[in-house]
Each structure stands twice: as structure tokens, then as C-alpha cells.
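# Secondary and tertiary structure notes
Chain by chain, the residues:
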Amino acid sequence: DLVQSAKKAAAYAAVDDHIKSGYIVGIGSGSTVVFAVDRLAERVRNENLKVKCIPTSFQARQLIIDNKLTLTDLDVDPVLDVCIDGADEVDSNMTLIKGGGGCLLQEKIVASNAKKLIIIADYTKDSQKLGDQYKKGIPIEVVPIAYVPISNKIKERFGGSLELRMAVKKAGPVVTDNGNFVLDWTNFNQDSDWEKVNSELLHIPGLVETGLFIKMASKAYFGLKDGSVKQKG
Ligand code: DER
């Protein structure tokens, strides 16, 4: 369908433009990066490319192993050449909402240690103002014991509403790869000073990380409905 082929086009273009032999590559999480790993594995086979990959989640680790790519980690390779990841939204300032897949903590850790963060997405993720497209809320990873007071504090200070993300195929809340919960923050003020809000959020005890990726992405590739690829940033 249109969205899947758009994801594939964006992923292939990004891998072809940014991956070189000898690179340490961060592998993001979600459905779009699956296409990027397919293309990376194809190039490794066809061009005898030498790359080592660092996962951003259990899912990404499985993708690397299943595609017979070389696994490494931040202990061995603390500086990455490039990180390729998806996003739930990319606004006109290249601010991202990430965490729709609940993997935002390791994604932000790995991305922050990469020389370049390249975002790949379909056209539904491209927006002007943060919150225009993605309506499920800004994901926030929290230590489970503190999710209620943290929810209250965010609501008091910044407004909007916080919802504990519940699992679908398991009773109870989603538990991240790091053993934490996810709050989804909706009805926030779209005209917020996101750098200011983000740094204030990160000072709330028990709040581990936000899905706001500010001034981190170098470029975003969007697959369009007509099969072409548009770049932003
Ligand atoms: O959870 C995440 O941050 C993912 O990267 C998500 O934002 C993108 O997932 P998708 O590629 O399945 O849309």
C-alpha cells in the first residue's frame, strides 16, 4: 500500500546516501527501519560493505541478528558514524516526536552518540507544527513507582492530559525494554518553547526521558504517495 512503499522508498534512499564501509551504524526501532535494515543487509552482501550495528531496542537487536549483520554496542563503539531511525512526527524545525513504539530511551541514547541522525518516514509524519499530525501524544518514559505524581506534575505545570500506555496483548501497562512505563501526553500547547519544556520535564524525579528529539536530526527522508522521496533539513 502507499504508506508501506513510501516507508521503503525513504529507507532505501537514506541507506544509499549515508552508509559507507567501515561505519558504526545505529539501528532505530519501529516499522520503517525494517526496510532500512533490508537495504543495509542487501548492500553488505552485494558490495561487501563492512559495517557494525548498534540496536536501539530488543526489536532492533533481533533485526540485526536476523539479517546476519554484525552487532556491536556502546562499550566497544561509543561513537557512531550515523544513526538511522523513524519518527512519529517531524516539524518544520526538525523537532521530532518519537516513542510511538516505546523505544525512545535507547533511541535517544544511541542517537546522541552518533555524528548524524537520519530520520526515515512516510509522508504522514511530515508536519509544520509539532502535534499537527501525531495525535497519540508525546511519549514520556517514567520509573513505574512515580507515574502518578509525574502525571500530576506535568498536568499542573504544562496542562494537557497524561495517559499511562496500556499493553494490548498483556494485561496491564506497556513495560519498556528498560523496565519502565510510558506516559502519552496529549492536548499540550503546540506553541510551546519545546527546548524549555523538555529541560523542565527532564528535571522531574523519576521522569527518565521524553520523546522530544530537539536539534538532533540532521536530515529527514519522507517517502511520498507518488513514490518519490522528499528531504527535510
Ligand atoms: O518509537 C519510535 O520512536 C519509532 O521510531 C517510531 O517513532 C517510528 O515508528 P514507525 O517507523 O513504525 O512509524
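Above this text is the structure in question.
This one's a predicted model, so the numbers in the text were calculated from it and none came from an experiment. (Residues numbered from 1 in each chain as written. Predicted model: local features only at pLDDT ≥ 70, side-chain atom pairs only at ≥ 80, totals over all residues. Heavy atoms only, no water.)

Within the largest apolar cluster, 28 residues are counted, with the highest numbers of intra-cluster contacts made by Ile19, Leu40 and Ile120. Breaking this core down by element, the ones donating at least two residues are helix 1 (2–18), strand 1 (24–27), helix 2 (32–47), helix 3 (58–66), strand 4 (82–85) and strand 7 (117–122). With residues up to four places along the chain from it excluded, the contact list for Ile19 reads Ala14, Val25, Leu40, Arg43, Leu49, Val51, Val82 and Ile84. Ile97, Ile138, Leu162 and Leu183 belong to the second-largest nonpolar core, a separate cluster that totals 23 residues. (Core = buried A, V, L, I, M, F, W, Y, C linked by side-chain atoms within 4.5 Å. Buried < 20%, exposed > 50% of the residue type's maximum accessible area, 1.4 Å probe, protein only. Helix = DSSP H or I, 4+ residues; strand = E, 2+ residues; numbered from the N terminus. Contact = heavy atoms within 4.5 Å.)

A few words now on the sheet that holds strand 8 (residues 138–142). The 4 strands are arranged 9-10-8-11 in an open sheet whose pairing can be described as antiparallel. This sheet does not close on itself; its edge strands, each paired only once, are strand 9 (161–164) and strand 11 (207–210). Averaged over all pairs of adjacent strands, the angle between strand axes in this sheet comes to 30°, irrespective of strand direction. The pairing of strand 9 with strand 10 (residues 181–186) spans 4 bridges and is antiparallel. Counterpart to Ser161 in the pairing with strand 10 is Thr186. Sheet strands touched by helix 5 (residues 147–158): strand 8, strand 9, strand 10 and strand 11. Its angle to strand 10, the strand with the most contacts, is close to 20°. (Pairing = 2+ DSSP bridges. Axes fitted to C-alpha atoms, helices over the stretch in contact; angles between N-to-C directions.)

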